[in-house]
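In case you want the letters, here they are:
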Amino acid sequence: MPEEQEVEIYRARTLAEKVWEEHVVRRADGEPDLLYIDLHLIHEVTSPQAFDGLRLAGRRVRRPDLTVATEDHNVPTVDWDKPIADPVSRTQVETLRRNAEEFGVRLHPLGDKEQGIVHIIGPQLGLTQPGMTIVCGDSHTSTHGAFGALAFGIGTSEVEHVLATQTLPQSRPKTMAVTVNGSLPDGVTAKDLVLTLIAHTGTGGGQGYVVEYRGPAIEELSMEGRMTICNMSIEWGAKAGMIAPDQTTFDYIEGRPEAPKGADWDAAVEHWRSLRTDADATFDKEIVLDASTMTPFVTWGTNPGQGVPLGGAVPDPADLEDADDRVAAEKALEYMALEAGTPMREISVDTVFVGSCTNGRIEDLRLAAEVLRGRTVAADTRLLVVPGSARVRLQAEDEGLDVVFKEAGAEWRGAGCSMCLGMNPDQLAPGERSASTSNRNFEGRQGKGGRTHLVSVPVAAATAVRGTLSSPADLEPVASGEEV
Amino acid sequence: MEKFTQHTGIGVPLRRSNVDTDQIIPASYLKRVTRTGFEDGLFAAWRNDPGFVLNREPYAAGSVLVAGPDFGTGSSREHAVWALQNYGFRAVVSPRFADIFRGNSGKAGLVAAQVDEKVVQRLWDLLEAEPGTTVTVDLESRTVRAGEGPDAVEDSFDIDDYTRWRLLEGLDDIGITLSHADDIDAFEAARPSYKPVTLH
Ligand code: SF4
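So, how was this worked out
Residues numbered from 1 in each chain as written. Chains lettered and ligands numbered in written order. Predicted model: local features only at pLDDT ≥ 70, side-chain atom pairs only at ≥ 80, totals over all residues. Heavy atoms only, no water. Helix = DSSP H or I, 4+ residues; strand = E, 2+ residues; numbered from the N terminus. Buried < 20%, exposed > 50% of the residue type's maximum accessible area, 1.4 Å probe, protein only. Areas by Shrake-Rupley, 256 points an atom, 1.4 Å probe, with all protein chains shown as cover. Lys, Arg positive; Asp, Glu negative; His and termini not counted. Charge placed at Lys NZ, Arg CZ, Asp CG, Glu CD. Salt bridge = Lys/Arg side-chain N within 4 Å of Asp/Glu carboxyl O. Near = heavy atom within 4 Å. Nonpolar A, V, L, I, M, F, W, Y, C, P; charged D, E, K, R; others polar. Domains from an automatic or database assignment. Core = buried A, V, L, I, M, F, W, Y, C linked by side-chain atoms within 4.5 Å. Contact = heavy atoms within 4.5 Å. Buried area = accessible area lost by both parts, 1.4 Å probe. Polar contact = N/O pair within 3.5 Å; in protein donor to acceptor, adjacent residues only side chain to side chain. Disulfide = S-S within 2.5 Å. Phe/Tyr/Trp six-rings, centres within 6.5 Å; stacked < 30°, edge-to-face > 60°. Lys NZ or Arg CZ within 6 Å of the ring centre and 35° of its normal. Pairing = 2+ DSSP bridges. Axes fitted to C-alpha atoms, helices over the stretch in contact; angles between N-to-C directions.

(A) Fine view of the overall build of chain A. When helices and strands are tallied, chain A shows 16 helices and 19 strands. Referenced to the eigenvectors of the C-alpha coordinate spread, the extents of chain A come out at roughly 65 × 50 × 45 Å. Evaluated residue by residue, chain A yields a buried proportion of 65% over its 484 residues. As presented, chain A carries roughly 17,000 Å² of accessible surface, and 48% of it is formed by carbon and sulfur atoms. For chain A, the separation between the mean place of its 45 positive charges and that of its 74 negative charges on side chains is 4 Å.

(B) Spotlight on the pattern of salt bridges. Residue and element names in this part refer to chain A. Using the criterion set out here, one finds 43 salt bridges over all chains in the structure. Across the salt bridge formed by Glu212 and Arg214, the nearest N and O atoms sit 3.8 Å from each other. Judged by its relative accessible area of 6%, Glu212 is buried. Among the residues examined, Arg214 registers a relative accessible area of 27% and is labelled partly exposed.

(C) Main features of the site of the ligand. Residues and elements named next belong to chain A. Around the ligand lies a shell formed by His73, Ile117, His119, Asp138, His140, Ser356, Cys357, Cys417, Cys420, Leu421, Asn439 and Arg445. In the shell around the ligand, the residues fall into 5 nonpolar, 5 polar and 2 charged. Counting contributing residues per domain, the shell around the ligand is built from domain 1 (15-286) and domain 2 (299-476), each supplying no fewer than three.

(D) Geometry of the nonpolar core. If you look at the biggest cluster of nonpolar residues, it comprises 82 residues, and the most contacted ones within it are Phe405(A), Leu14(B), Phe43(B), Phe71(B), Leu84(B) and Phe101(B). In terms of residue count, helix H16 (residues 457-466) of chain A provides more of this core than any other element does, 7 residues in total. The two domains that each donate at least three residues to this core are domain 1 (15-286) and domain 2 (299-476) of chain A. If we skip the residues at most four places from it in the chain, Leu14(B) touches Val19(B), Phe43(B), Trp46(B), Phe52(B), Val53(B), Leu65(B), Val66(B), Ala67(B), Gly68(B), Phe71(B) and Trp124(B).

(E) The arrangement of unusual backbone geometry in detail. Residues Glu57(B) and Pro58(B) are joined by a peptide bond in cis, for which omega reads -5°. Tracing the backbone through its elements, the reader meets Pro58(B) in the loop between helix H2 (44-47) and strand S2 (64-67). Non-glycine residue Ala337(A) carries a positive phi angle of around 55°. Relative to the helices and strands, Ala337(A) is located in the loop between helix H11 (323-336) and strand S15 (351-354).

(F) Region of interest: the interface of chain A and chain B. Each partner contributes to the interface: chain A provides 77 residues, whereas chain B provides 56 residues. Together, the buried faces of chain A and chain B total about 5,500 Å²; carbon and sulfur atoms form 54% of this surface. The largest contributions to the chain A side of the interface with chain B come from Gln49(A), Arg62(A) and Gln207(A), which together make up 11% of the buried area. The interface formed by chain A and chain B contains 11 salt bridges. Put simply, Asp22(B) and Arg445(A) hold a salt bridge, and the shortest N to O gap is 3.2 Å. The interface formed by chain A and chain B includes 37 residue pairs in polar contact (both at pLDDT 80 or more). At 7 residues, the largest contribution of residues to the side of chain A that touches chain B is made by helix H5 (residues 156-165) of chain A. Among the residues making up the side of chain A that touches chain B, the classes are represented as 26 nonpolar, 28 polar and 23 charged.

(G) Focus on the state of the cysteines. Residues and elements named next belong to chain A. Throughout the structure, instances matching the rule amount to 0 disulfides over all chains. Cys136 carries a free sulfur, and the closest cysteine sulfur to it, the one in Cys357, is 9.7 Å from it. Under the relative-accessibility criterion, Cys136 is labelled buried at 0%.

(H) Main features of the packing of aromatic side chains. Applying the stated criterion across every chain yields a total of 15 aromatic pairs over all chains. Ring plane angle 15° and centroid distance 5.6 Å describe the contact between Phe43(B) and Trp46(B), whose orientation is recorded as stacked. The pair Phe43(B) / Trp46(B) is uniform in exposure class, with both members buried. When the centroid spacing of 5.5 Å and the interplanar angle of 20° are considered together, the rings of Tyr87(B) and Phe89(B) count as stacked. Through a chain of ring-to-ring contacts, three or more aromatic side chains come together here, namely Phe250(A), Trp265(A) and Trp272(A). Just above the ring of Phe152(A) sits the side chain of Lys239(A); from NZ or CZ to the centre is 4.2 Å.

(I) Broad picture of the environment of Val33(B). Assignment of secondary structure puts Val33(B) in the loop between helix H1 (21-24) and H2. Leave out the neighbours within four places in its chain, and Val33(B) touches Pro48(A), Gln49(A), Asp52(A), Gln92(A) and Thr95(A).

(J) Just the sheet that holds strand S1 (residues 24-26) of chain A, in detail. All names here are of chain A. Spatial strand order, S1-S2-S8: 3 strands in an open sheet with antiparallel pairing. The open sheet has two edge strands with one neighbour each: S1 and strand S8 (167-170). Neighbouring strand axes in the sheet, compared pairwise and without regard to direction, differ in orientation by 40° on average. Examined bridge by bridge, strand S2 (residues 33-36) and S8 share 4 bridges and lie antiparallel to one another. Bridge assignment links Tyr36 to a residue of S8, and that residue is Thr167.

Right, dumping it as structure tokens:
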């Protein structure tokens, strides 16, 4: 309660604790805190049952003005101006449209200029701001933490709870600092950083924590890079990932459609500047990494923690000390059809996917185009470039990136989740292998029987050119002199 | 929500760690707009294998799943919980659950009982040695019990107090929160004006 703050004794706090405290609606012994939610993002897959629940109980959406919906998971990325062919998918999308209409929720449907992956459109519209609480029925809601927001994924029952009350009961998580010193070498991206981190911690390493990423290597990242890092917090089990807002953050937000304006902007920035971990605050756990030793990093297995440097080889399960890890690695190699000891660079892929809420922003597409300009996709390889939002698509077309992709032989698609989860027709066939800029390499994630290697955008683009896992450094220089 | 005090049913040993939500139910099964009918998607890829535990009697009629650590990692899809429930599971026993999965279970009425890794190991051994053995998950006393004689397993499990209380009482979370509507009103009155809105 704000009025009690005057008498509160100073206590050093972390960024996460500050944002948490600002949102406590009610606190009682033996109960989780009741947190206020500033922004609720909705999509077609995890919301129908929640709206149904409201209808059954005769409840309204408490704050439609703090809610926004889009269509992303299930939508086609070709022929998006035509009715959706698959009747079951169509029903799901139409259900969202009906619900948005009935409950007065703003919706960006397929075909709308603001449609796109839910975690891309929040920041793009300027709705994602520092110090907010943001939830969505999607685990990669952690993306928004890049702005210094407390953002996390929720299940459908919780979606219903937030719709009805604009609050959520939450037990206070532990806090962890991941400090990344040094600078990332040229050609090494935020994606490589986070894949390296997850290989280091394992997929359960962040369990129960809100993680704050800090240190020089993080501060040097663009907002896009920061979003890539926070996006993958959930892949090592963290409840949320956060990065303290700074000038880079403010510059990104300023002028966006839903950003504060005039006096509101000044008041907001003044508050946002206070959202930093106090110098004497303590975390429950700390990890320190050095960015300067990092290299392009790729996965070989069936969870995001099973990765090695691109220059490395498929590990031998027999070398793993932990018995569970050994069994998991054996199962993963069997599923991935890989032999221990194979150099990663010798693995050839059928499909390359550039897109998703991890790497589907304009900066990612520029990076991919830079590698592909004047080059062509390898003969037996398919490259799908799927912008994260309709705006990203339009911007890329403005910059002529679509031409670069098409000339290289790539498929240039409409916005959506696409092959990240293979819910729409963009899927791997059984046994097919992909290099993917998305965030999950689970068995069957990109299509039943499909095999996924998680990679950065430059590695994806170079892999498309060579047909085997590669980095841009492996490519022949472009002869034509077209490159400037 | 239905009250849960204790449940006894056939235990199903799932000897795997890191069972992620794409394994529990692949995305292609998520298109239904109801909370029911997801049982066909449960462990869909593994169900093609005749040797998979749920394809074998008497495990097919199981209602208590015993799985390795990091169960339910990955996506936030509550469909994973519904698929387990739709199939007939009332409880999952594991040494470690992913946060969102555990939260979803508590809301939907599936008991996620966290036990020591050794307990899972002993349950697996017991359930494999004597297929059809029942496991009791007692929420009142927070214990899990199975078998008789020297191989019998009895141990406590962890579940947070608030979730346990809600499950025991069969309480609807939203109803509880709405009883604090005054607190929410007061909080909203003090929110800063620069916070964004989606409708103008
Ligand atoms: S792009 Fe992939 S990870 Fe991101 S929201 Fe869509 S399905 Fe989820």
